[in-house]
Structures are given as structure tokens and as C-alpha cells.
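# Breakdown of the fold
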Amino acid sequence: MSAHAIFAAAFGYLLGSIPWGIVLTRVTGAGNLREIGSGSTGATNVLRTGRKGLAAATLLLDLLKGLCAVLIAGALWPGAAPLAAIGAVAGHCYPVWLRFNGGKGVATMMGVVLGLAWPLGLVFAVVWLGLLAVLRISSVAGMSAAISAPLAAWALGYSEFIVAGVVMAALVLWRHRSNIARLMAGQEPRVGGKGPSR
């Protein structure tokens with residue numbers, strides 16, 4: 001692996017590891033996110049504070065950090081953007097600052113996919129938001145969107161992003177393993193509804 005590839009991956013990781021959910025909830029006095037719901041740093045858990053605007057801001061910032069990681073790394077180290085993308089999602093999911101226990105990576109993955117190729121980002125958004133609107137199950141929408149990224153890369157001819165897409169989708173699915181178990185047991189809650197929070 002070249003030095004440029006290592007730098008890009010490390011840069012993506014550091015940018016992706018910024019825990020915006022925790023930062024925003026602490027700054028606004030919305031509570032300790034680690035003691036709410038699943039303890040995850042992402043927007044879905046922030047929503048459990050009852051602050052919809054704060055959850056929306058978290059989602060946007062998590063998306064933007066992924067987008068910026070890819071765009072900046074691509075400009076500094078041409079050809080290394082896919083590694084920065086993987087690094088950003090890994091950083092969000094496993095931030096060193098939080099003992100490697102972060103969020104589930106969906107919003108950040110959307111950001112990096114959008115940065116790699118906007119048509120892939122569009123597919124991701126349509127799948128994610130469409131399923132969320134219809135099913136109102138955040139985990140199903142997020143995992144489906146993650147899986148759609150490498151499939152869209154293959155279908156639309158972005159073969160250079162397929163491997164990165166598969167790796168990122170695997171990370172997102174792994175972070176959702178408790179959700180998968182609840183889905184199989186028929187216990188996964190819907191957005192805005194009552195049910196298990198972990």
C-alpha cells in the first residue's frame with residue numbers, strides 16, 4: 001500500500017471519527033447520549049432525546065464529514081478517495097476517542113458515496129429515505145441503502161468503487177447486528193413508536 005493510500009485512509013478515519021451526536025447533545029444540554037437508547041452516536045439515537053432539530057443536524061454533519069473526507073482526500077491524493085471513504089465510515093463506527101464504540105455509519109456512508117459519485121449517492125438516498133418513509137424502520141432502511149451502494153456501483157458502471165462499497169456495507173451491517181437479531185424476533189421498533197431502544 002502506497003503512502004498516499006495510507007494518508008488518505010488515516011485522514012478519512014480522523015474526520016469520520018468526529019462524534020457529532022455527542023458534541024451537539026453536550027453543547028445544547030440535551031443529555032448524555034451514551035446513557036440514552038442504544039448509546040450510539042448517530043442521528044437515530046439523538047432523536048431519542050426528543051430534539052428533532054438536533055437529530056437532523058447530527059445527520060447532516062455526519063453526512064458532511066463523509067463527503068468532505070472523500071472530496072479532500074481525492075484532491076490531495078488522486079485515486080485514493082475510496083480508501084478515505086472506508087476510513088471515514090470506519091472512523092464513525094469505531095472512533096478511537098470513544099473506545100472504538102461509535103455510530104452505525106449510515107449517514108456517513110451516504111456522504112462518502114455521494115462524494116465518490118453523485119448518482120450512487122442519489123440511489124443511496126432514494127433507497128434510504130424511501131424505505132424509511134414506507135416502513136418507518138430505521139435499521140432496515142439504513143442497511144438496505146448500504147447494500148444498494150455497491151450494487152449501484154456495479155449496475156451503473158462505477159467498478160472502481162465496488163470493493164469500497166462492499167467493505168462499507170459490511171461495516172454498516174456488522175454495526176446493525178443487534179438490530180438484525182431484533183428484526184428476526186419481530187421486536188425492532190419503528191421510528192416514532194415504542195419498543196426496544198437497543
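Details of the structure are given in the entry above.
Residues numbered from 1 in each chain as written. Predicted model: local features only at pLDDT ≥ 70, side-chain atom pairs only at ≥ 80, totals over all residues. Heavy atoms only, no water.

### Some points on the layout of surface pockets
Quick reminder of the rule: Site definitions follow a grid-based scheme: protein atoms alone, a 1 Å grid, a 1.4 Å probe that fits but cannot get out for cavities, and for pockets an open set with protein on both sides within 12 Å along at least five of seven lines, plus lining residues having an atom within 4 Å of a point. Grid points are joined across faces, edges and corners, and a volume is the space filled by probe spheres set on the points. By definition, any uninterrupted DSSP run of H or I lasting at least four residues is a helix, any uninterrupted run of E lasting at least two residues is a strand, and each is numbered from the N terminus. Classification convention: Asp, Glu, Lys, Arg as charged; Ala, Val, Leu, Ile, Met, Phe, Trp, Tyr, Cys, Pro as nonpolar; all other residues, Gly among them, as polar.
Approximately 180 Å³ is the volume found for the second largest pocket. Counting residues per element, the ones that place at least two in the lining of the second largest pocket are helix H9 (162-175) and helix H10 (177-185). Split into classes, the residues belonging to the lining of the second largest pocket amount to 1 nonpolar, 6 polar and 5 charged.

### Points about a nonpolar patch on the surface
Heads up, the condition is: Patch construction takes residues with relative accessible area above 30% that form no salt bridge. Like charges are linked within 9 Å, and nonpolar side chains (Val, Leu, Ile, Met, Phe, Trp, Tyr) are linked within 5 Å. For the area figures, the Shrake-Rupley method with a 1.4 Å probe applies, and any residue is considered shielded solely by the protein chains shown. When a carboxyl oxygen of Asp or Glu is within 4 Å of a side-chain nitrogen of Lys or Arg, the pair counts as a salt bridge. Burial status follows relative accessibility: with a 1.4 Å probe on protein chains alone, a residue under 20% of its type maximum counts as buried, one over 50% as exposed, and anything between as partly exposed.
Together, Leu14, Val96, Trp97 and Phe100 line one region of the surface with nonpolar side chains, adding up to about 430 Å² of accessible area. Taking relative accessible area as the criterion, Val96 reaches 36% and is therefore assigned partly exposed.

### Looking at the packing of H9 against H10
Where we set the bar: To obtain each axis, a line is fitted to C-alpha atoms, and for helices this fit is confined to the stretch in contact; angles are then taken between N-to-C directions over 0 to 180 degrees. Roughly parallel means an angle under 35 degrees; roughly antiparallel, over 145; roughly perpendicular, 65 to 115; everything else is oblique. Residue contacts are defined here by distance: any two heavy atoms, one from each residue, within 4.5 Å place the two residues in contact.
Axis separation between H9 and H10 bottoms out at 4 Å; the angle between their running directions is 60°. Classed by the angle they form, the pair H9 and H10 counts as oblique. Mapping the contact onto sequence places Leu173, Trp174 and Arg175 in H9 and Arg177, Asn179 and Ile180 in H10.

### Looking at helix H2 (residues 20-27)
Every α-helical turn comprises 3.6 residues, leaving residues that sit three or four positions apart pointing alike. Residues of H2 that are buried include every one of Gly21, Ile22, Leu24 and Thr25, and no others. The secondary structure elements touched by the buried residues of H2 are helix H3 (43-47) and helix H4 (52-76). Backbone geometry just after H2 places Gly29 at a positive phi near 70°.

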